Amino acid sequence: MTLPRWGLATAAVLVGRRWPLAALMLLLPLGPWKFSEGFATVDLTWLLPRHDVKILPLLPTSPFIIWYAYLTGRRATRTAPALMAFCLITLVGVAVVVVMGGDLALWVSMVTALIGTYLVPYLLGVLRGRLLHQRAQTRLSVEAQARLRERARIARDMHDSLGHDLALIAVRAGGLELAPGLAPAQVKAAGELREAASDATERLRQIIGLLRDDAEAAPLAPLEKPAEEPVEELVPDLVRRAAASGMAITLDLAGGPMPELAAAVVQEGLTNAAKHAPGAEVAVSVSPHLVRVRNGPPRSRPTARRGGLGLTSLRERVRAEGGTLTARPLGGGFELAVTLPREGEEDPRGS
């Protein structure tokens, strides 16, 4: 190579990493314009007098040109610059063939040189770039869905926990409101506290609804149970807290291991009974494959509004475990029951 050619090659290496199209144009004078050597030689005597037509001419600089053509396609954000560059490259190839005499064999060599050295590497680069972009978009989508599922889990936990505590506060306030011996001002304060707890529950439901709205579009995945106390301790603790708040409640433990969802089912059932059936008697029964919370008719007018977020979240968790949830009016009261499959039983959702 002459000194100018070395200069072009050096400049191409310096700019090629950041601007591969610029490097491709700098290497244009070093392109595959010599047709004495090629990737293959074919016999075209049926078309041409010659039988040694070179297909895809190769030069020492050809690998570098192929590499920068590939990088141009891989990093391309617009097609217009590459299209103009390829038009110029084609004009140079045409000019070379014309200067060399315009033999049809030269045209065949030049066209295969353009296709093999420039066009094919460029298209491979475009394909690779799109695959990488698609992979990045898929990763971002998966991360976004994971964030949405986490928001849904936080919303569910906030609704279940805070809603349950506010419902117990309302029960306590209702008990104080009916307690004998209180002054009218104290009775009024207890009533206001009960109504404030109900209003806070409604505002919580609205806020949780906002957190959940975006998460509904994410594909449902098994909801992870956060680290907490053993379920065998949680269920009796929930019942004790509810009884201490003034609820008339009984607990029946059938024995055997409790299902993991037992605490969530009992908490939701007690919360609904406290909000929608104040003063009602509540019966909780837990067995390895059935969790049931029943309450009788309310003894005073409920102040809570119908929400449904808690049952919606619980239904999702039960479905993820392959169980069924039933929530229905019963005998003037209400029943919440969750049935879980026994070991070895088929998933009710089908295979």
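These numbers were taken from a predicted model, which means no experiment stands behind them.

Engineer: Talk me through the overall build of the protein chain; I want residue IDs and the actual numbers.
Structural biologist: Of the regular secondary structure elements, the protein chain holds nine helices and seven strands. For the protein chain, long-range pairs separated by at least 24 residues make up 70% of all intrachain contacts whose partners lie at least 6 apart in sequence. Total accessible area computed for the protein chain in this model is approximately 20,100 Å², and 61% of it derives from carbon and sulfur atoms.

Engineer: Break down the confidence of the model for the protein chain for me, with residues and values.
Structural biologist: When pLDDT is averaged along the protein chain, the result is 79, and 79% of the positions lie at 70 or above. pLDDT under 50 marks residues 217-227. Its contacts with residues more than four places away, or in other chains, come to 19 contacts.

Engineer: Please give an account of a nonpolar patch on the surface that cites residues and values.
Structural biologist: A cluster of nonpolar residues, Val-111, Ile-115, Leu-119, Val-120, Leu-123, Leu-124, Leu-127 and Leu-131, forms a patch on the protein surface that exposes about 660 Å² of accessible area. Looking at the secondary structure, you find Val-111 in helix α5 (residues 104-178). Overall, the relative accessible area of 39% leaves Val-111 in the partly exposed class.

Engineer: Before we move on, can you summarise the pattern of salt bridges with the specific residues and values?
Structural biologist: Per the stated rule, a full pass over the model turns up four salt bridges. Across the salt bridge formed by Arg-292 and Glu-335, the nearest N and O atoms sit 3.1 Å from each other. Of this pair, Arg-292 sits in strand β5 (residues 290-295) while Glu-335 sits in strand β7 (residues 333-339), and the two are 43 residues apart along the sequence. Owing to a relative accessible area of 22%, Arg-292 belongs among the partly exposed residues under this scheme.

Engineer: Now, about the pairing of β5: what can you tell me, with residues and values included?
Structural biologist: Only one face of β5 is buried, namely the one carrying Val-291, Val-293 and Asn-295, since none of Leu-290, Arg-292 and Arg-294 on the opposite face is buried. Two elements, strand β4 (residues 281-287) and β5, share six bridges in a ladder whose sense is antiparallel. Of the residues in β5, the one forming a bridge with Ala-283 is Arg-294. Hairpin geometry of β4 and β5 is characterised by an intervening segment of two residues between the two adjacent antiparallel strands. Bridge analysis of β5 against β7 gives six bridges, and the strand direction is antiparallel. In the sheet register, Arg-292 faces β7, and the bridge partner there is Ala-337.

Engineer: Residue-level account of the sheet that holds strand β3 (residues 248-253), with values.
Structural biologist: Taken together, five strands build an open sheet; the order of strands is β3-β4-β5-β7-β6 and the sheet is mixed. At either margin of the open sheet sits one strand with a lone partner, and together these are β3 and β6 (324-330). Adjacent strand axes in the sheet meet at a mean angle of 10°, parallel and antiparallel pairs treated alike. The strands touched by helix α7 (residues 231-244) are β3 and β4; relative to β3, the strand with the most contacts, the crossing angle is about 165°. Along the sheet, helix α8 (residues 262-276) makes contact with β3, β4, β5 and β7, crossing β5 at roughly 10°.

Engineer: Could you give an account of the packing of α7 against α8, with specific residues and numbers?
Structural biologist: Their axes nearest at 9 Å, the elements α7 and α8 cross at an angle of 15°. Relative to α8, the element α7 is oriented roughly parallel. Crossing angle aside, the handedness with which α7 passes α8 is left-handed. Residues Val-231, Leu-234, Val-235, Leu-238, Val-239 and Ala-242 of α7 lie in contact with α8, whose contacting residues are Ala-262, Ala-263, Val-266, Gln-267 and Leu-270. Looking at the contact of α7 with α8, its residues break down into 10 nonpolar, one polar and no charged.

Engineer: Residue-level account of the nonpolar core, with values.
Structural biologist: Counting 33 residues, the largest nonpolar core has Val-235, Met-247, Val-266, Leu-270, Val-282, Val-284 and Val-286 as its most contacted members. Only α5, α7, α8, β4, β5, α9 (309-320) and β7 provide two or more residues apiece to this core. The element best represented in this core is α8, accounting for eight residues. What Met-247 contacts, discounting residues up to four positions off in sequence, is Leu-168, Val-171, Ala-242, Leu-270, Ala-273, Ala-274 and Val-282. If you look at the next biggest cluster of nonpolar residues, it comprises 24 residues, including Phe-35, Ala-82, Phe-86 and Ile-89.

Engineer: Let's hear about a positive patch on the surface: which residues, and what values?
Structural biologist: The grouping of Arg-17, Arg-74, Arg-75, Arg-128 and Arg-135 at the surface amounts to a positive patch. With respect to the element layout, Arg-135 can be found in helix α5. Residue Arg-135 is classed as exposed on the basis of its relative accessible area, which comes to 52%.

Engineer: Outline the packing of aromatic side chains, listing residues and values.
Structural biologist: Think of a pair of aromatic rings as described by two things: how far the centres are apart, and how the planes are tilted against each other in angle. Within the structure shown, the criterion is met by three aromatic pairs. Centroid distance Trp-33 to Tyr-118: 6.5 Å. Interplanar angle 20°. Geometry classified as stacked. Of the two residues, Trp-33 is situated in the loop between α2 (20-26) and β1 (38-42) and Tyr-118 in helix α5; the sequence distance between them amounts to 85 residues. In this structure Trp-33 comes out as buried when scored by relative accessible area, which is 10%. Judged by relative accessible area, which is 2%, Tyr-118 ranks as buried. Ring plane angle 85° and centroid distance 5.0 Å describe the contact between Phe-86 and Tyr-122, whose orientation is recorded as edge-to-face. Taken together, the positions of Phe-86 in helix α4 (residues 80-99) and Tyr-122 in helix α5 put the pair 36 residues apart, joining distant regions of the chain. For the pair Phe-86 and Tyr-122, a shared accessibility class is recorded, and that class is buried.

About the cut-offs
- Residues numbered from 1 in each chain as written.
- Predicted model: local features only at pLDDT ≥ 70, side-chain atom pairs only at ≥ 80, totals over all residues.
- Heavy atoms only, no water.
- Helix = DSSP H or I, 4+ residues; strand = E, 2+ residues; numbered from the N terminus.
- Contact = heavy atoms within 4.5 Å.
- Areas by Shrake-Rupley, 256 points an atom, 1.4 Å probe, with all protein chains shown as cover.
- pLDDT = per-residue confidence, 0-100.
- Patch = residues over 30% accessible without salt bridge, like charges linked within 9 Å, V, L, I, M, F, W, Y side chains within 5 Å.
- Salt bridge = Lys/Arg side-chain N within 4 Å of Asp/Glu carboxyl O.
- Buried < 20%, exposed > 50% of the residue type's maximum accessible area, 1.4 Å probe, protein only.
- Pairing = 2+ DSSP bridges.
- Axes fitted to C-alpha atoms, helices over the stretch in contact; angles between N-to-C directions.
- Parallel < 35°, antiparallel > 145°, perpendicular 65-115°, else oblique.
- Left-handed = near helix turned anticlockwise from the far one by under 90°.
- Nonpolar A, V, L, I, M, F, W, Y, C, P; charged D, E, K, R; others polar.
- Core = buried A, V, L, I, M, F, W, Y, C linked by side-chain atoms within 4.5 Å.
- Lys, Arg positive; Asp, Glu negative; His and termini not counted.
- Charge placed at Lys NZ, Arg CZ, Asp CG, Glu CD.
- Phe/Tyr/Trp six-rings, centres within 6.5 Å; stacked < 30°, edge-to-face > 60°.

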